[in-house]
Each structure stands twice: as structure tokens, then as C-alpha cells.
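A closer look at the structure
One-letter residues, chain by chain:
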Amino acid sequence: MHCLRLALGLGFCLLLGITLCSLWMYVENWLLVSYIPYYLPCPEILSQYPQPKLLEQKPTELLTLTPWLAPIVSEGTFNAELLHHIYQPLNLTIGLTAFAVGNRYTRFVQHFLESAERFFMQGYRVHYYIFTHDPQAIPQVPLGPGRRLSVIPVPGPSQWEEASMRRMEAISVHIAKRAHREVDYLFCLDVDMAFRNPWGPETLGDLVAAIHPDYFTVPRHQFPYERRPVSTAFVADGEGDFYYGRAVFGGRVARVYEFTRGCHMGILADKANGIMAACQEESHLNRRFLSHKPSKVLSPEYLWDDRKPQPPSLKLIRFSTLNKDTARLRS
Amino acid sequence: MDPRDFWGNRTKSCLCLILLFAVLLGFYSNVFSLIPRRQTEKSQSSPEAHHVQGRRESLTLSEGDGHLDSCRIPEVPRLLYPKAQLLKPSRVDVLVMTPWFAPVVWDGTFDSALLDVQFRNTTIGLTVFAIKKYVVFLRLFLETAEKYFMVGHKVIYYVFTDRPADVPQIALQDGRQVVVLHVGNYRRWQDISMHRMEMISNFSRQRFLREVDYLVCLDVDMKFSDHVGVEILAPLFGTLHPGFYAADRQSFTYERRPLSRAYIPRDEGDFYYAGGFFGGSVPEVYRLTTACHQAMTADQAQGIEAVWHDESHLNRYLLSHKPSKVLSPEYLWDERMLQRPPLLRKLRYVAVPKNHTEIRN
């Protein structure tokens, strides 16, 4: 009797152990990412493309490589057809997050999605995630094949700043809950903007940042970094590569998770110290991109302000602010 | 039951308990240690699968992969360095990025200090073959490598030779070591050159995967004359052959006979890569060398040998598997054969004069 109870007890412990073990393995491996080969396989049957000319004489007006050898993407630096042939067979799913929190922002969703349907990642599987406090306000936009939309409810903003500061947290939680299973790459964009020209696989990379249109000609000491040492987003005077915009960032879903989590931790630490960074979330984003340098940088073509005159160095504006007056007229 | 029986029972159950506890401990420790082992095994499986374009496999990212891109984005501490100017390209006389976003590494395009910090925990393996009379090149090669190659990082020199006794003793910096690998030789120099692929492939699986993050495969009859650092490291990189960097694809000396597995038609080709300087992360180099070796074996069965041997096969592979970085001719030059153009600001890895007929017999 004694032995039997002992045996039963031990058997139960064994079962418990196995359950805990398998749970542990699942939790440890949840960040399982599919292997995307790091050479870029080129199909045998490929339409002809011109030979890259090594002794390039045409003046490239924009820098094309950062000092840490990350590409800076602008029109003319890549062969779209070649990239399409390379990335198309990989069967990738690209995620796109946009926050429409607050009645001012839900109005932009229609135009945002319509322009995305025209220009964003044509020919790839796309999954839109619209975060909103008011799912009813999200219009039904017809989507192309292989493209879907999910509405993610989030609490409404008590203050505008509160909402923007929670974006990093919301994205990282969302990735942990579902996006890591559904998409390979994820882009986090601002909703009060629209696509103007094709946005394709040239933007795909491990960790992708976009240069802010207002500061790309400006020296680093004039960047609106957070300059108070007490903040976690502090950047000293002699530091800085580019000033990146908060309206566009992305990359492989695991890297975006780490990035947004890191930013969120910084924001929380600042909150605990009773401090809010100068440009709120953008300061934290820039601080993080300074220590975790992006593997690909998008030129201001990918994040433009339509109120500025287009300089000759930017050949093709692809994503820019929606003029808010016209938006009001549209709705 | 009487007291003695009771104690006996209790001892027996205690012993049972201890035994079972030991079994459980052994079982669970095995399960936990199996997880990382399984990951590295998976990453080595089915090299042929990567021939198929764009096939995606489910592989967990093992620590042994060592790609800069696939590992965590390295965190860089505070560093002071000049800011990059967006409206001022670093080089206007040359192409610094291929159409598939692979940087072409020239002097002036990169910041060494920044890259050194990003790659600070990286171990680099250097493979070099000194078969038969080629052992005489080792001394100069290793001495100049100590001065210029990956200074400040952990380096393992893998010297493949059939004459281990002739490998010179070189004074090495901290964190650097020479590993002599005793291999057989072949009668023809072409065979020696081609079998490098096979040997690198075998040793990648057997030991390089565990010991280093990146592999750099070099020719021995050369010397380093300027900085060659972590700016070259990428999942897969090739070097532009100094004789063909300005040439049209029709004049590249690719293998032009369709019968060979290294065949490239006249209207295809990005660059002519040199067989004497290539590399990448260990898994990628393993795939490259395995593919080239299999192609060479298939050619041999057909009774054909590619015009430039392993270099032809390397070019065929790099056409279908585009490298993630391309090294400029600064990284492989021959001063006696070529006039140095002004676009080459530095010569980093150059040929040592040799008497071809004497050394190859």
C-alpha cells in the first residue's frame, strides 16, 4: 500500500516534470523563425538585367552606404526587377502595423489602406494590423488576393502623448501574441500618411530605419535628441548618425520585437523617474538605433513631408504625410 | 508488521526514491542539453536543399551561425566618430553597392572603429593551403597576417599541408593560434587547387562550425600589405578579380562550355570573382564548398575540367547565390601584372612573385 502510493506519487512527479519540460521547450523556442537564406538565391531562368558597372561615373547624390556598411535605399541604388526575382520565391508575408487611436486618426485609415493596396509590397502576402480604440470606425477597404486585415482593439487615449508612448508596448505585445506566427517581416508606420509610389522588397532587412525628412541636411548637434542625461534616451553632443523618424521602422519580426521592447523599457524607466523625453517615442527610437545600428536605412524618399519642396537628390517620393487639410475635405 | 520489516521497507523505498531521482535528473539534463545540440545539427543538414532557389527551411537560429544579420543586432557602446553626411557620397568614382544591396568594400566607405566594436566577440578562421613546395610562402604570409589581418580579434589560422614539419613557427599575438591540418597531396596543381573545396567542406562540418564564426579562404602565395579587417565579414562574400573589374561580362573567363556544371552563358554574370579570396559564415562557406566540390566531381565524371578550375565553379555559385558583400580589388592585387589605377587607394593583399614552373612541379 505504502509502495503503491509512493509509486503513484513518483509517477505523478514524472508526468508533471515532462509537462513542465515540454512547456519550457515551447516557451524557449517560440521565437522560432524560418530560415531565410542569407545568400540571395537567384533563379536560373531570369530575365536579362544589365551588368553592374563598377567604375560608376554618374554622380550619386545621396550616400548609399552607412559607415557600418548598411545600405541606404533610394531610387537608382537597386534593381527592382532583380530583387523581385530574388524575394518572390521566398513566399514571405509582410506585416504592417498602423495606429488609429483617437477620432482624429481613424479618418486616415481609408486613404492609408487604399494607397497601401496600390503601392505596398505588390505581389507579396501582406497582413495589415490596425490598432484602434474604435473597431467600428475602421472602414471596409477591398483588399487584393493574399492580403488580409486584422483590427486590434486597444484602450482609448486619455491624452495624445499617452497613446503615442504606448505604441512600442502595443507592438511588442502584439508580436509576442500573434504576429511572430503570421508574418516574416513587420513594418510599423504612421497612419496619417499615404503611399505615393511603389514600396517593395528593397526595404526588407533585419532592422530597418528611415531618415527623418526634416533633419537629413542638418549636423548632428542640431538633432532634437533628448539632451538631459537623466533620461534613458539621452544622446550626448558628439554622438549620432542620422535622425530617424518614428513614422517608419521595421525589419524581421524577431528584431522588431527586441527593438520595440527595448524602447518600451526605456520609456518605462523614464516614466518611473518622472521624465518624458523631448520628442517622446521618437527620442527613444533614436537612442536605440544609435546603439543597435539598423542593418538597412531608408532615405527620406520613404518618409517625406509633402509640405517641403522635393529636393533633386530625392528622385521618387514613396510614402509621405497626408496633407491634413485635404484629409478633412475627403472625409 | 514488526519494526524490523518496517525499517527494511522504509530503506527500500528511500533507495528506490534516490534511484528514481537520479534517473530523472539524468533524463531531464539530457533533454535540456539536447535542445542546443539539435539546433546545430539541424543547421548542418541537407546542403543540397540550398541549391533549389528560394526554398525556405525551418531552422532555428543556432549560435554557431555567426551571421551578423541572423544573430542579435550587436549593441555598440558610446563611441565618438565623424558623422556620415547623407548628401556627400563616400566614393564617387566607383560603385559602392551592388543592385542587390551588397556593399562593395572600398577604402573610405567604412569606419573601422565602428565595425570593430560591432564584431568584437567574433572569432575568424583563416584557411590556407600549403601543399608541396608552397610551404615556402607560409612564413611571409603568416608574418604579414599578424600585422594586418583582423588585428585585435580572435583568429585561428588553419594551415592545410602535407608537410607539417615545414610549417614555420611564427610569433603570434594574443588570441591568435595556428592549427596545422595534415592532408594528402595530389600530383597535378590543378587537382590540389580544386580539392581545396572538398577539404574546406569536410573540415567545416567537423570542426570549423564549433570553433569559429566566420571563415576566410585565402591563397598562400600572397602577402598582406595593408589593413584587412572585419569590414569584409558577411554571411557570404567574394572578391573582385583584379584583372576583370573593368571588363564586360562577355570577356569574363567564365566556363563557356554548356557541358560543364560551371557553365555561364555570355549574357549573364555580375562580376568575375577571384578564387583566392572568398568566405563568409561557416554554414554558408560549407554550402559553397560542398556545392563546388559536387559540381567538380560531376564534371570529372563527364570527363571535363572547368577552364579555371575551382575559380570557375566559385563564379557559377556566386552568380546563383549572390554574395552579401563584394570586396574591391584592393583586397586582391598583383603589382607586377597590373598597373595600379588611382581608384585603388590601398593595396591590402598582394601577390608574391613566384616562378610558376618551378613551384608547381
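Residues numbered from 1 in each chain as written. Chains lettered and ligands numbered in written order. Predicted model: local features only at pLDDT ≥ 70, side-chain atom pairs only at ≥ 80, totals over all residues. Heavy atoms only, no water.

Within the secondary structure, Glu202(A) is located in the loop between strand S7 (193-195) and strand S8 (207-211). Setting aside chain neighbours within four positions, we find Glu202(A) in contact with Val73(A), Phe78(A), Leu83(A), Lys296(A), Tyr302(A), Arg318(A) and Phe101(B). (Helix = DSSP H or I, 4+ residues; strand = E, 2+ residues; numbered from the N terminus. Contact = heavy atoms within 4.5 Å.)

With that out of the way, let us pick up the environment of Met25(A). Residue and element names in this part refer to chain A. Counting through the fold element by element, Met 25 comes out in helix H1 (residues 2-28). By relative accessible area, which is 24% here, Met 25 ends up partly exposed. In sequence terms Met 25 and Lys 53 are 28 residues apart; their C-alpha atoms lie 50 Å from each other. (Buried < 20%, exposed > 50% of the residue type's maximum accessible area, 1.4 Å probe, protein only.)

Take the sheet that holds strand S9 (residues 244-252) of chain A next. Residues and elements named next belong to chain A. One open sheet accounts for eight strands, arranged S2-S10-S8-S9-S6-S3-S4-S5; its pairing is mixed. Each having just a single partner strand, strand S2 (72-73) and strand S5 (147-153) make up the two edges of the open sheet. Taken together, the eight bridges between strand S3 (residues 93-100) and strand S4 (residues 125-132) define a ladder with parallel strand orientation. Bridge pairing links Ala 100 to Thr 132 in S4. On top of the sheet, helix H4 (residues 109-119) reaches S3, S4, S5 and strand S6 (185-189); it is set at about 170 degrees to S4, its chief contact. Across the sheet, helix H6 (residues 167-182) lies against S3, S4, S5, S6 and S9, angled at about 145 degrees from S4, the strand it touches most. (Pairing = 2+ DSSP bridges. Axes fitted to C-alpha atoms, helices over the stretch in contact; angles between N-to-C directions.)

With that settled, the discussion passes to unusual backbone geometry. Keep in mind that most residues, glycine aside, have a negative phi and that most peptide bonds are trans. The residue Gln280(A) is not glycine, and still its phi comes out positive at about 50 degrees. If you trace the backbone, Gln280(A) turns up in the loop between helix H7 (253-272) and helix H8 (281-291). At Phe101(B), a residue that is not glycine, the phi angle is positive and equals roughly 65 degrees. Looking at where Phe101(B) falls in the secondary structure, it is placed in the loop between helix H1 (3-44) and strand S1 (104-105). You can call Phe101(B) buried: its relative accessible area is 8%.

Considering soluble globular proteins, one finds that nonpolar side chains tend to be buried as a cluster. Among the nonpolar cores identified, the biggest contains 195 residues, and Phe120(A), Phe195(A), Trp199(A), Phe149(B), Ile232(B) and Phe277(B) are the most heavily contacted of them. At eight residues, helix H4 (residues 189-211) of chain B tops the list of elements feeding residues into this core. (Core = buried A, V, L, I, M, F, W, Y, C linked by side-chain atoms within 4.5 Å.)

Moving on: the packing of helix H5 (residues 282-301) of chain B against helix H6 (residues 310-320) of chain B. Residue and element names in this part refer to chain B. Packing of H5 against H6 leaves a shortest axis separation of 9 Å and a crossing angle of 120 degrees. Taken together, the axes of H5 and H6 are oblique relative to one another. For the element pair H5 and H6, the recorded crossing hand is right-handed. On H6, the residues touching Glu 284, Arg 287, Leu 288, Ala 291, Cys 292, Ala 295, Met 296 and Asp 299 of H5 are Asp 310, His 313, Leu 314, Tyr 317 and Leu 318. (Parallel < 35°, antiparallel > 145°, perpendicular 65-115°, else oblique. Left-handed = near helix turned anticlockwise from the far one by under 90°.)

Time to look at the UniProt feature "active site" (unreviewed entry) in chain A. Residue and element names in this part refer to chain A. When the UniProt feature table is mapped onto this chain numbering, "active site" (unreviewed entry) sits at Glu 282. Relative to the assigned elements, Glu 282 resides in helix H8. Setting aside chain neighbours within four positions, we find Glu 282 in contact with His 212, Tyr 243, Tyr 244, Gly 245 and Arg 246. Engagement of the side chain of Glu 282 in a polar contact is seen with the backbone nitrogen of Arg 246, the distance being 3.0 Å. (UniProt positions renumbered as here; feature names shortened; annotations may be inferred. Polar contact = N/O pair within 3.5 Å; in protein donor to acceptor, adjacent residues only side chain to side chain.)

Glancing now at the packing of H7(A) against H8(A). All names here are of chain A. As a packed pair, H7 and H8 sit with axes 9 Å apart at the nearest point and diverge in direction by 125 degrees. On the basis of the axis angle, H7 is oblique to H8. Of the two possible hands of crossing, H7 and H8 adopt the one that is right-handed. For the pair H7 and H8, the contacting residues are Glu 258, Phe 259, Gly 262, Cys 263, Gly 266, Ile 267 and Asp 270 in the first and His 284, Leu 285, Arg 288 and Phe 289 in the second. Its residues placed into classes, the contact of H7 with H8 shows five nonpolar, three polar and three charged. (Nonpolar A, V, L, I, M, F, W, Y, C, P; charged D, E, K, R; others polar.)

Take the UniProt feature "binding site: an alpha-L-fucosyl-(1->2)-beta-D-galactosyl derivative" (unreviewed entry) in chain B next. Residue and element names in this part refer to chain B. Residues given the UniProt feature "binding site: an alpha-L-fucosyl-(1->2)-beta-D-galactosyl derivative" (unreviewed entry) here are His 241, Thr 253, Glu 311 and Asp 334. Mapping Thr 253 onto the fold places it in the loop between strand S7 (236-240) and strand S8 (273-281). Residue Thr 253 is classed as partly exposed on the basis of its relative accessible area of 25%. Every residue in contact with Thr 253, bar those within four places of it in the chain, is listed here: Phe 244, Tyr 272, Val 307 and Trp 308. Structurally, Asp 334 is set in the loop between strand S10 (325-327) and strand S11 (349-351). Among the polar contacts listed, one links the side chain of Asp 334 to the backbone nitrogen of Arg 336, at a separation of 3.2 Å.

Moving on: the pairing of S3(A). Residues and elements named next belong to chain A. Counted residue by residue, S3 has eight buried out of eight residues, so it is predominantly covered. Side chains of S3 alternate between two faces, with Thr 93, Gly 95, Thr 97 and Phe 99 and Ile 94, Leu 96, Ala 98 and Ala 100 buried alike. Summarising the sheet, S3 and S6 pair through five bridges and their orientation is parallel. Bridge assignment links Gly 95 to a residue of S6, and that residue is Leu 186.

To continue, consider the UniProt feature "binding site: an alpha-L-fucosyl-(1->2)-beta-D-galactosyl derivative" (unreviewed entry) in chain A. Residue and element names in this part refer to chain A. UniProt's feature table lists "binding site: an alpha-L-fucosyl-(1->2)-beta-D-galactosyl derivative" (unreviewed entry) at His 212, Glu 282 and Asp 305, given in the numbering used throughout. Its place among the elements puts His 212 in the loop between S8 and S9. A relative accessible area of 14% places His 212 in the buried class. For His 212, the residues in contact, after removing those within four places along its chain, are Tyr 243, Tyr 244, Gly 245, Glu 282 and Leu 303. Within polar-contact distance, the side chain of His 212 engages the backbone nitrogen of Asp 214 at 3.1 Å. Residue placement: Asp 305 occurs in the loop between strand S10 (296-298) and strand S11 (319-321). What makes Asp 305 buried here is its relative accessible area of 9%. Non-local contacts of Asp 305, meaning those with residues more than four positions away in its chain, are made with Pro 213, Asp 214 and Thr 321.

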